[in-house]
Amino acid sequence: MTLRDLIQDAHTDAENSPFAKLLMSGKITEHQYANYLYQQEGAYHALENRANDLNLLDDIPDIKRALKITADYMNLQVVDNFELFPSVREYITYVAKLDEDQCWAHIYVRHFGDMYGGTHIQHMVPGPTKLMYQFETKGKNIKYVRDKLKPEMEHEAKQVFKYAITLFKELENYYGME
């Protein structure tokens with residue numbers, strides 16, 4: 001059984017959260033999307049910094065999203081002093097201690113979500129740029145990361161989804177979504 005098969009239930013749970021559905025609906029406001037990007041920016045910078053510490057992304061630099069998320073966020077016309085939600089602060093601390101296999105599980109869940117889900121999301125969200133979802137070497141990135149995956153990464157990949165679902169719930173609470 002592949003890692004993808006092993007984590008399918010967690011993926012479905014994340015996809016079915018109200019905030020994820022809003023993200024895919026075309027009805028997300030610029031403010032909501034800016035806040036989402038702000039949260040993602042913190043998480044991705046932490047994850048990619050850890051991956052850089054482990055020299056994991058040297059051969060696939062195009063997979064990095066953090067600076068692209070920052071650019072997308074800055075290109076929105078939202079003026080607000082967002083703060084990182086507790087789940088993102090916890091995630092930042094958590095990823096700083098990842099080993100190589102754990103890090104690959106996080107990259108797989110997060111970055112592949114951007115590659116695959118992003119093809120639809122980029123048409124549904126506000127803003128002049130959608131750099132987060134644009135990959136110049138998508139095929140190379142997919143092959144490279146898939147070669148690193150093992151079924152034993154199931155628990156760690158599910159951890160990533162737990163953090164994502166918690167963030168979605170925090171955003172839902174922030175915006176009064178029930």
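Above this note sits the structure.
Everything quoted here is computed from the prediction, not taken from an experiment.

Student: How should the overall build of the protein chain be read in this particular structure?
Tutor: Secondary structure assignment for the protein chain yields 10 helices and zero strands. Taking 178 residues into account, the globule formula puts the C-alpha radius of gyration at 16 Å, and the protein chain, at 15 Å, falls close to it. For the C-alpha atoms alone, the extent of the protein chain along its principal axes is close to 40 × 30 × 30 Å. By the burial criterion, 48% of the 178 residues in the protein chain qualify as buried. The contacts in the protein chain between residues at least 6 apart in sequence include a share of 83% that link residues at least 24 apart. Working note: accessible area of the protein chain is about 9,000 Å², and carbon and sulfur atoms make up 51% of it. In the protein chain, 20 side chains carry a positive charge and 27 a negative one; their mean positions are 3 Å apart.

Student: For this particular structure, what's the right way to read helix α5 (residues 66-74)?
Tutor: Residues spaced three or four apart along an α-helix face the same direction, because each turn holds 3.6 residues. When α5 is considered as a whole, its buried residues turn out to be Ala66, Ile69, Asp72 and Tyr73. Projected down its long axis, α5 carries its buried residues within an arc of 120 degrees, all on one side. Facing away from the buried side of α5, by more than 90 degrees, are the exposed residues Leu67 and Met74.

Student: Looking at this structure, I do not really get the pattern of salt bridges. What am I missing?
Tutor: A side chain with one charge can pair with a side chain of the opposite charge if their charged atoms come near. Under the defined criterion, the tally for this structure stands at four salt bridges. A salt bridge links Lys150 to Asp101; the nearest nitrogen and oxygen atoms lie 2.9 Å apart. With Lys150 in the loop between α9 (138-146) and α10 (154-174) and Asp101 in helix α7 (residues 100-116), this residue pair connects regions lying 49 residues apart in the sequence. What makes Lys150 partly exposed here is its relative accessible area of 33%.

Student: Just checking my understanding: could you explain the packing of aromatic side chains for this structure?
Tutor: The geometry of two aromatic rings is summed up by the distance between their centres and the angle between their planes. Under the counting rule described, the total for this entry stands at 13 aromatic pairs. For the ring pair Tyr33 and Tyr36, a centre distance of 6.1 Å and an interplane angle of 25 degrees mean the geometry is stacked. Placement of both Tyr33 and Tyr36 in helix α4 (residues 30-53) is noted, with a separation of three residues, approximately one turn of the helix. Look at Tyr33 and you get buried, because its relative accessible area is 1%.

Student: Please clarify how the nonpolar core should be interpreted in this entry.
Tutor: By size, the foremost hydrophobic cluster in this structure holds 59 residues, and its most contacted members are Tyr33, Tyr36, Ile107 and Val145. Elements with a minimum of two residues in this core: α2 (8-15), α3 (18-25), α4, α5, α6 (86-95), α7, α9 and α10. The dominant element in this core, judged by the number of residues it contributes, is α4, at nine residues. Filtering out sequence-adjacent residues up to four positions away, Val145 remains in contact with Ile60, Ile63, Trp104, Ile107, Tyr108 and Phe112.

Student: What am I meant to see in α6 here?
Tutor: Taken residue by residue, α6 has Ser87, Val88, Tyr91 and Val95 as its buried positions. Axial view of α6: buried residues confined to an arc of 95 degrees, hence all on one face. Contacts made by the buried residues of α6 are with α4, α7 and α10.

What counts and what doesn't
Residues numbered from 1 in each chain as written. Predicted model: local features only at pLDDT ≥ 70, side-chain atom pairs only at ≥ 80, totals over all residues. Heavy atoms only, no water. Helix = DSSP H or I, 4+ residues; strand = E, 2+ residues; numbered from the N terminus. Rg over C-alpha atoms; globule rule 2.2 N^0.38 Å. Buried < 20%, exposed > 50% of the residue type's maximum accessible area, 1.4 Å probe, protein only. Contact = heavy atoms within 4.5 Å. Areas by Shrake-Rupley, 256 points an atom, 1.4 Å probe, with all protein chains shown as cover. Lys, Arg positive; Asp, Glu negative; His and termini not counted. Charge placed at Lys NZ, Arg CZ, Asp CG, Glu CD. Arc of directions from axis to C-beta. Salt bridge = Lys/Arg side-chain N within 4 Å of Asp/Glu carboxyl O. Phe/Tyr/Trp six-rings, centres within 6.5 Å; stacked < 30°, edge-to-face > 60°. Core = buried A, V, L, I, M, F, W, Y, C linked by side-chain atoms within 4.5 Å.

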